[in-house]
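Structural features, examined
Listed below are the residues making up each chain.
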Amino acid sequence: MIFFKKLKSVINKIGNKKKKDFCELEDILIESDFGVNLASKISSALKDSNNILKDLKEELENILSPLIKDFAFAVNNSRKPFVIVLCGVNGSGKTTTVAKIAKLFKGIGYTVDIAACDTFRVAATEQLEIWAKRLDCKIFKAESQREPASLAFEAVQSSVSDILIIDTAGRLHNNLNLMNELSKIYRVLKKVKESAPDMSILVIDATAGQNVVEQVREFQKLNEISGIIISKMDGGAKGGTIVRISDEFKIPILGVGTGESEFDLEKFSVDKFLKDLME
Ligand SMILES: Nc1nc2c(ncn2[C@@H]2O[C@H](COP(=O)(O)OP(=O)(O)OP(=O)(O)O)[C@@H](O)[C@H]2O)c(=O)[nH]1
Ligand SMILES: [Mg+2]
């Protein structure tokens, strides 16, 4: 994580508490996607610190630790299937995360179906079909460009598995038509199962950095986001995105994507995240 390396060198300098060094710390936090407000809040909180590294660690821990949840155990005994919807902007990692979650749940003994509700692109369905085959999951898919809400309806109605994971098309949070379409998926699900979606997961690309707050806010308006998964944390991500979202929205952090295979989903570990600070 580039952020921590840079941060360490500033912290080493900051021992003599010159104002310009605190400004530099704030700049690094901003560069690392903490956002202006949080960067300023954190660097102000550290001004009287005698041990910047320790206190920074504590600041981050206070924000992140209460939000880390083990979502595999969130599955309750409500009527089957337990419906999980994945949403997010284009290319954030939703489809790959569907596979990772399916793998995880299958690994602990659940039966899992998948619904390919990104019906716009044939390639999207094909991508999920490959995963379904590899993971040995039943897939609900549309033969042609069917309305995603209609496929979602059929999937929830027909699935006899413990868990149904619904993949959705990537959509920019400011595209009203596409956001309305997602909203329709949520509404239709409730017609079959009142509690559905039992879980709605927003997948955020850790390397994107921009607009995350707006993304969360807009997706949250359609349906309560039960948790966030941060994908691509293996790609040299700066790391601040998750701290910023956590500070602002207090939404559970369900996992971290660390690669492109179905095995690459880890529980978020604050210790691991902060370890680089101490190295
Ligand atoms: N390195 C890395 N790559 C990832 C991770 N998650 C997804 N990817 C890659 O990111 C790209 C996009 O992933 P998808 O899962 O197709 O993303 P999506 O959100 O479904 O994309 P759209 O359906 O087009 O909106 C693919 O090349 C994935 O292999 C991750 O955790 N780490
Ligand atoms: Mg996809």
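For the structure, check the block above.
These lines cover the structure that appears in this document, whether it is placed above or below.

Definitions and cut-offs
- Residues numbered from 1 in each chain as written.
- Chains lettered and ligands numbered in written order.
- Predicted model: local features only at pLDDT ≥ 70, side-chain atom pairs only at ≥ 80, totals over all residues.
- Heavy atoms only, no water.
- Near = heavy atom within 4 Å.
- Polar contact = N/O pair within 3.5 Å; in protein donor to acceptor, adjacent residues only side chain to side chain.
- Areas by Shrake-Rupley, 256 points an atom, 1.4 Å probe, with all protein chains shown as cover.
- Helix = DSSP H or I, 4+ residues; strand = E, 2+ residues; numbered from the N terminus.
- Buried < 20%, exposed > 50% of the residue type's maximum accessible area, 1.4 Å probe, protein only.
- Pairing = 2+ DSSP bridges.
- Axes fitted to C-alpha atoms, helices over the stretch in contact; angles between N-to-C directions.
- Parallel < 35°, antiparallel > 145°, perpendicular 65-115°, else oblique.
- Left-handed = near helix turned anticlockwise from the far one by under 90°.
- Contact = heavy atoms within 4.5 Å.
- Phe/Tyr/Trp six-rings, centres within 6.5 Å; stacked < 30°, edge-to-face > 60°.
- Salt bridge = Lys/Arg side-chain N within 4 Å of Asp/Glu carboxyl O.

Points about the site of ligand 1
In the region of ligand 1, 19 residues are neighbours, and K94, T95, T96, D234 and E260 sit closest. Separating an oxygen atom of ligand 1 from a side-chain N or O atom of R121 is a distance of 3.3 Å. Backbone polar atom of G170 to an oxygen atom of ligand 1: 3.4 Å apart, as the coordinates give it. Relative to its unbound accessible area of 650 Å², ligand 1 is 79% covered by the protein chains. By residue number, the principal contributor to the shell around ligand 1 is helix α5 (residues 94–107), which donates four residues.

Considerations on the pairing of strand β6 (residues 227–231)
Across the five residues of β6, five count as buried, placing the element largely inside the fold. Along β6, one buried face is formed by G227, I229 and S231 and the opposite face, lined by I228 and I230, is buried too. Relative to β6, strand β5 (residues 199–205) is paired through five bridges, and the arrangement is parallel. In the sheet register, L202 faces β6, and the bridge partner there is I228.

Describing the packing of helix α9 (residues 212–222) against helix α10 (residues 240–249)
Their axes nearest at 10 Å, the elements α9 and α10 cross at an angle of 45°. The orientation of α9 relative to α10 falls into the category oblique. For the crossing formed where α9 meets α10, the hand is right-handed. Of the residues in α10, those touching α9 at V212, V213, V216 and R217 are T241, R244, I245, E248 and F249.

Quick notes on the packing of aromatic side chains
What the rule picks out here adds up to two aromatic pairs. Each ring, one from F105 and one from Y110, has its centre 5.6 Å from the other, and the planes form 80°; the classification is edge-to-face. We classify F105 as buried; its relative accessible area is 0%. Ring pairing ties together the aromatic residues F71, F105 and Y110, which thus form one cluster.

Here we look at unusual backbone geometry
At the junction of K80 and P81, the peptide bond is cis and its omega measures out at -10° in the coordinates. When you line up the elements, P81 lands in the loop between α4 (52–64) and β1 (82–87). Across the junction of A196 and P197, the peptide omega takes the value -5°, indicating a cis bond. Its identity is not glycine, yet D136 carries a phi of approximately 60°, on the positive side. Counting through the fold element by element, D136 comes out in the loop between α6 (122–135) and β3 (138–140). When its relative accessible area of 62% is taken as the criterion, D136 is described as exposed. Although it is not a glycine, K232 adopts a positive phi angle of roughly 60°. With respect to the helices and strands, the residue K232 is situated in the loop between β6 and α10.

Quick notes on the pattern of salt bridges
Side-chain pairing between opposite charges can occur once the charged atoms of the two side chains come close. Taken as a whole, this structure holds 13 salt bridges when the rule is applied. The shortest N-O distance in the salt bridge between E154 and R146 comes to 2.9 Å. A relative accessible area of 30% places E154 in the partly exposed class. Put simply, K184 and E147 hold a salt bridge, and the shortest N to O gap is 2.5 Å. Of this pair, K184 sits in helix α8 (residues 176–192) while E147 sits in the loop between β3 and α7 (148–158), and the two are 37 residues apart along the sequence. On the basis of relative accessible area, K184 is assigned to the partly exposed category, the value being 31%.

Note that every value here comes from positions in space, so none of it alone points to a role or purpose.
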